[in-house]
Amino acid sequence: MNPFPPHRRIPPVRRFRPHAGRFRWEEVPLRTYKPEANSFRGVTRQVLFDAADGLPVQVRYFEIVPGGFSSLERHEHPHAVVILRGRGRVLIGTEIHAVAPFDLVHVPPMTWHQLRAGAEPLGFLCLVAHDRDRPQYPTPDELAALRARPDVAAFLQP
Ligand code: MN
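From a predicted model like this one, the values you see are computed outputs, not experimental measurements. (Residues numbered from 1 in each chain as written. Predicted model: local features only at pLDDT ≥ 70, side-chain atom pairs only at ≥ 80, totals over all residues. Heavy atoms only, no water.)

### A closer look at the overall build of the chain
Part 1: Regarding its fold elements, the chain presents two helices and nine strands.
Part 2: Along the chain, helices (α) and strands (β) appear in the sequence β-β-β-β-β-β-β-β-β-α-α when read from the amino end.
Part 3: By the compact-globule yardstick of 15 Å for 158 residues, the chain fits well, its C-alpha radius of gyration being 16 Å.
Part 4: Its C-alpha atoms put the chain at 50 × 40 × 25 Å along the principal axes.
Part 5: Counting only residues that meet the buried cut, the chain has 44% of its 158 residues in that class.
Part 6: For the chain, long-range pairs separated by at least 24 residues make up 64% of all intrachain contacts whose partners lie at least 6 apart in sequence. (Helix = DSSP H or I, 4+ residues; strand = E, 2+ residues; numbered from the N terminus. Rg over C-alpha atoms; globule rule 2.2 N^0.38 Å. Buried < 20%, exposed > 50% of the residue type's maximum accessible area, 1.4 Å probe, protein only. Contact = heavy atoms within 4.5 Å.)

### A word on the coordination of the manganese ion
Part 1: Ligation of the manganese ion by protein atoms is provided by E73 (OE), H75 (NE2), H79 (NE2) and H113 (NE2), these donors lying 1.9 to 2.2 Å from the ion.
Part 2: In terms of primary sequence, the donors binding the manganese ion are separated according to E-x1-H-x3-H-x33-H. (Donors = N, O, S within 2.8 Å, 3.2 Å for Na, K, Ca; no water.)

### Some remarks on the pattern of salt bridges
Part 1: Enumeration over the complete set of coordinates arrives at six salt bridges.
Part 2: For R17, the salt bridge is made with E26, and the minimal N-O distance between the two is 3.3 Å.
Part 3: Judged by its relative accessible area of 22%, E26 is partly exposed.
Part 4: Measuring nitrogen to oxygen at the nearest pair gives 3.1 Å for the salt bridge that ties R85 to E63. Of this pair, R85 sits in strand β4 (residues 79-85) while E63 sits in strand β3 (residues 57-69), placing them 22 residues apart in sequence.
Part 5: One continuous salt-bridge network, built from bridges that share partners, spans R22, E63 and R85. (Salt bridge = Lys/Arg side-chain N within 4 Å of Asp/Glu carboxyl O.)

On their own, these measurements won't tell you what the molecule is for.
And the structure:
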């Protein structure tokens, strides 16, 4: 028995349609980004493929406005990220890396991570398991431990 039966009908091909300077795909609703997250700025989300399409993963496209950033978080599930547009920086654990289009970023389980856009919008695909745990956000003590490293403190400074 197929454990992943599709349960929505999508067109066999959905087109990429840039809109007002943003990357967009037709017939894919724009979602709000994590209303529960502690801190983020200027992030939009499109879910391109989902369990509804018979897949055990979600393929999401995120776009962060210039100067914006995703939430600082960790969780048991890994992320597989493909940068599609713009330039930015990513924090993975205590490492900071510059990223550019077509770079592949892997975030291991239970590793603090955040993406920050530079002067242009930063757009990236992010693949996750459909069944996954909720993100954890740092406690004040955990944040202080991260900020003990000067390079990480500078990265986290808005
Ligand atoms: Mn995450």
